[in-house]
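Examination of the molecular architecture
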Amino acid sequence: MTFDQFIDTGISFAGSDSSGGLGMCACDHYKDYSMTPSSISQLDAESFNFNVAHVATIPSSLSTLAKRFNFNIAHEVDDLQEYDVAYLKLEDGFFFYLCKHKSRPENTADLFFCSQLDDWEHRLEQVSAVLGITSSELLWKNAEYMKTP
């Protein structure tokens, strides 16, 4: 399996609940969308103890976004390769992360949400708007998102 095939299948972060399953997706706690997110704050990797799925690829480098929104970038290594990542949340508490694997094109970042989120397209619009990206500017959007475990 190539990295690009792997990234589109969704990945799991370490962490489980007492029943042995994955922890509850933090996204499920925030269903009030009456507010318009206007800021991003930094999280740590431990906050992401649920399955995630690649939602979109955006036309901006991770370092450019980090400078614009004042967040730090971590350097990590998974089973496949090295990557840079920023674990983030909107002001309403919605978790997401941006990453850049070494093999991916320059000046792009991959966007991940918890997997099987019912309103993922709405959330994609919100996150994109906060990042200053329109839907038409997305380089790739995961049409198979709801099938990602």
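With that settled, consider the nonpolar core. If you look at the biggest cluster of nonpolar residues, it comprises 40 residues, and the most contacted ones within it are F71, F96, L98, F113 and L131. Within the residue set of this core, elements represented by two or more residues are β3 (51-58), α2 (62-69), β5 (82-90), β6 (95-101), β7 (109-114) and α3 (120-131). Top contributing element to this core by residue count: β5, with six residues.

This part covers the side chain of S61. Note on placement: S61 falls in the loop between β3 and α2. On the basis of relative accessibility, which here comes to 11%, the residue S61 falls in the buried class. A distance of 3.3 Å separates a polar atom in the side chain of S61 from a polar atom in the side chain of S63.

Mapped onto the secondary structure, V127 falls in helix α3. For V127, a relative accessible area of 0% gives the class buried. C-alpha of V127 to C-alpha of F96: the two residues are 31 residues apart in sequence and 8.6 Å apart in space. Each residue touching V127, except ones within four places of it in the same chain, is listed here: L90, F94, F96, L111 and F113.

All right, on to α2 then. For the α-helix, the turn length of 3.6 residues means that residues three or four positions removed from each other point alike. For α2, the full list of buried residues reads L62, L65, A66 and F69. For α2, the angular spread of the buried residues around the axis is 100°, confining them to a single face. Structurally, α2 contributes buried residues whose contacts are with β2 (40-42), β3, β5, β6, β7 and α3. N70, located one to two residues past α2, shows a positive phi value of around 55°.

Looking now at the packing of aromatic side chains. Under the criterion given, the structure shown has nine aromatic pairs. Between F50 and F95, the ring centres sit 6.4 Å apart and the planes meet at 45°, which makes this aromatic pair tilted. Linking F50 in the loop between β2 and β3 with F95 in strand β6, this pair joins segments that are 45 residues apart in sequence. A residue is classified by how much of its surface remains accessible, and F50, at 2% relative accessible area, is buried. For the ring pair F94 and F113, a centre distance of 4.9 Å and an interplane angle of 85° mean the geometry is edge-to-face. Placement of the pair is F94 in the loop between β5 and β6 and F113 in strand β7, with a sequence separation of 19 residues. For the pair F94 and F113, one class covers both residues: buried. Through a chain of ring-to-ring contacts, the aromatic side chains of F48, F50, Y87, F95, Y97 and F112 assemble into a single cluster.

How each quantity is defined
- Counting from 1, residues in each chain are numbered in the order their sequence is written.
- Under the rules for a predicted model, residues below a pLDDT of 70 receive no local features and side-chain atom pairs below 80 are neither given nor counted, while totals for whole chains, interfaces and linings still include all residues.
- For side-chain calculations, the full set of non-hydrogen atoms in the structure is used, while hydrogens and water are omitted.
- Here, nonpolar core refers to any group of buried Ala, Val, Leu, Ile, Met, Phe, Trp, Tyr and Cys residues whose side-chain atoms link them within 4.5 Å.
- Throughout, exposure labels follow a simple rule: accessible area from a 1.4 Å probe, protein chains only, divided by the maximum for the residue type, with under 20% read as buried, over 50% as exposed, and the rest as partly exposed.
- Every helix listed is a DSSP run of H or I at least four residues long, and every strand listed is a run of E at least two residues long, numbered separately from the N terminus.
- Two N or O atoms count as a polar contact when they lie within 3.5 Å, although within protein this holds only if one can serve as hydrogen donor and the other as acceptor, and sequence-adjacent residues are included solely when both atoms are side-chain atoms.
- Should any heavy atoms of two residues lie within 4.5 Å, those residues are counted as being in contact.
- Within this analysis, the arc is defined by the directions that extend from the helix axis to the C-beta atoms.
- Note on aromatic pairs: the rings of Phe, Tyr and Trp (six-membered ring only in Trp) are paired at centre separations within 6.5 Å, and the planes decide the class, stacked below 30 degrees, edge-to-face beyond 60, tilted for the rest.

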